[in-house]
Amino acid sequence: MKYIQWLGQWLEYYIKPSTKERTYNKYARIAHNHISPMLGEMDMAELTALELQKFSVDLINKGMAPNTVNGIISIIKCSLRRAESLGIVDKQYADSIARPKTKEKDIESLSRDEQRKIEQYISNNKEDNRFGIILSMYTGLRVGELLALKWSDVDFGKGIMTVNKSCHDSWKDGEYVKVVDTPKTDSSIRKIPIPKQLISKLKELKRKAKGEYVIIGKTQYGAQVRSYQRSFENLLNLLDIPYKGIHSLRHTFATRALEVGMDIKTLSEILGHKSPTITLKRYAHSMTEHKAEMMNRVGKILL
């Protein structure tokens, strides 16, 4: 059997039934664009340790990022392990691939001045659609969670919003459509206290709401991810703020929370991380100024 044939069967019978549509589409896209062109026509028995390692090195030599290469390798490993367990191959060698060394992505957050400029502009211009940018900066919502948030998820009496879904854009019938799905992980399902400073604005938006989504879009189904990303980028250009991805809003919330002394466990739960260890690893190194301030406080005790 050629590898391309097995990849198709593996995706259809093992990945599609057990994962989200978005994950399946991502795997299928990687298999089609990167794996099949180079390995697809090879017989399963020809996928030796050396051939797989050469494939990995070729991807790196083409300038592909180590994190991307590792994602491709993971798909190869999963597919070949399943083939081995089913007896399609006597032995698989994907486990012997030497993975390229990855680098932890730098945390990209807004400075306090940049954050203030954004807040003032949105507030002064009464841009209701862009209020989601402020909401994300003060709650740590991922963009998919923000745009999937419905008014039924907001409890004004308790001052809490429930995160129980996310959304993404999917290509369908020649256009991108909004797809609402379950959150990224089980730990992503959570309740977040709403800062009291935002309650009055949310109530105002609720009174004017014409649909079920908190962040409005061109249709009753609310804003789409790509459109909202562009809106954020356009706002940065307008305010002469260096480019940052929309995920920087979530990082900004985490950075400000640590600066005001929020404990790691609480922050981890609000962000929807699996454990405080993930939160600490991701954000501890971005707290240089805060660490210096804490050390200076200790120094005052000694003097």
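Residues numbered from 1 in each chain as written. Predicted model: local features only at pLDDT ≥ 70, side-chain atom pairs only at ≥ 80, totals over all residues. Heavy atoms only, no water.

Engineer: I would appreciate a short explanation of the packing of aromatic side chains in the present structure.
Structural biologist: The geometry of an aromatic ring pair is captured by the separation of the ring centres together with the interplanar angle, meaning the angle of the planes. Considering all chains together, one arrives at 3 aromatic pairs under this definition. Seen in terms of ring centroids, tryptophan 10 and tyrosine 27 are 6.2 Å apart; in terms of plane orientation they differ by 10 degrees. Their pairing is stacked. Separated by 17 residues along the polypeptide, tryptophan 10 in helix H1 (residues 3-15) and tyrosine 27 in helix H2 (residues 21-39) bring together distant segments of the chain. With a relative accessible area of 2%, tryptophan 10 lands in the buried category. What makes tyrosine 27 partly exposed here is its relative accessible area of 24%. Measuring from centroid to centroid gives 6.4 Å for tryptophan 151 and phenylalanine 156, while their planes differ by 25 degrees, and the two rings are stacked. Overall, the relative accessible area of 8% leaves tryptophan 151 in the buried class. Between the NZ or CZ atom of lysine 178 and the centre of the ring of tyrosine 213, over which it lies, the distance is 4.0 Å. (Phe/Tyr/Trp six-rings, centres within 6.5 Å; stacked < 30°, edge-to-face > 60°. Helix = DSSP H or I, 4+ residues; strand = E, 2+ residues; numbered from the N terminus. Buried < 20%, exposed > 50% of the residue type's maximum accessible area, 1.4 Å probe, protein only. Lys NZ or Arg CZ within 6 Å of the ring centre and 35° of its normal.)

Engineer: Hey, could you run me through helix H8 (residues 196-208) in this one?
Structural biologist: One turn of an α-helix holds 3.6 residues; hence residues three or four places apart share an orientation. Among all positions of H8, only Leu198, Ile199, Lys201, Leu202 and Leu205 are buried. On its buried face, H8 is in contact with helix H6 (131-139). (Contact = heavy atoms within 4.5 Å.)

Engineer: Help me understand unusual backbone geometry in this model?
Structural biologist: Trans is the prevailing form of peptide bonds, just as negative phi is the prevailing case for residues other than glycine. The backbone phi angle of lysine 126 is positive, close to 50 degrees, even though this residue is not glycine. Structurally, lysine 126 is set in the loop between helix H5 (112-124) and H6. With a relative accessible area of 64%, lysine 126 lands in the exposed category. In this structure, aspartate 240 is a non-glycine residue whose phi angle is positive, near 60 degrees. Relative to the elements of secondary structure, aspartate 240 occurs in the loop between helix H9 (225-238) and helix H10 (248-259). Among the residues examined, aspartate 240 registers a relative accessible area of 68% and is labelled exposed.

Engineer: Could you clarify how one ought to interpret the pattern of salt bridges in this entry?
Structural biologist: Between side chains of opposite charge, pairing is possible as soon as their charged atoms come close. Applying the stated criterion across every chain yields a total of 17 salt bridges. Between glutamate 51 and lysine 54 there is a salt bridge, and its shortest N-O distance comes to 3.9 Å. Here the residue glutamate 51 and the residue lysine 54 both occupy positions in helix H3 (residues 49-61), the gap between them amounting to 3 residues, near one helical turn. Glutamate 51 gets classed as partly exposed once you look at its relative accessible area, which sits at 27%. Judged by relative accessible area, lysine 54 falls into the partly exposed class, the value being 43%. Residues glutamate 114 and lysine 244 are paired through a salt bridge, measuring 3.4 Å at the closest nitrogen-oxygen approach. (Salt bridge = Lys/Arg side-chain N within 4 Å of Asp/Glu carboxyl O.)

Engineer: I would appreciate a short explanation of the environment of lysine 244 in the present structure.
Structural biologist: Relative to the helices and strands, lysine 244 resides in the loop between H9 and H10. When its relative accessible area of 10% is taken as the criterion, lysine 244 is described as buried. For the pair lysine 244 and lysine 184, spaced 60 residues apart in the sequence, the C-alpha separation amounts to 22 Å. Those residues within four positions of lysine 244 in sequence are excluded, and the remaining contacts are Glu108, Ser109, Leu110, Glu114, Phe232 and Leu236. Reaching out from lysine 244, the side chain makes a polar contact with the side chain of glutamate 114 at a distance of 3.4 Å. (Polar contact = N/O pair within 3.5 Å; in protein donor to acceptor, adjacent residues only side chain to side chain.)

What is shown is where atoms sit, not what they do.
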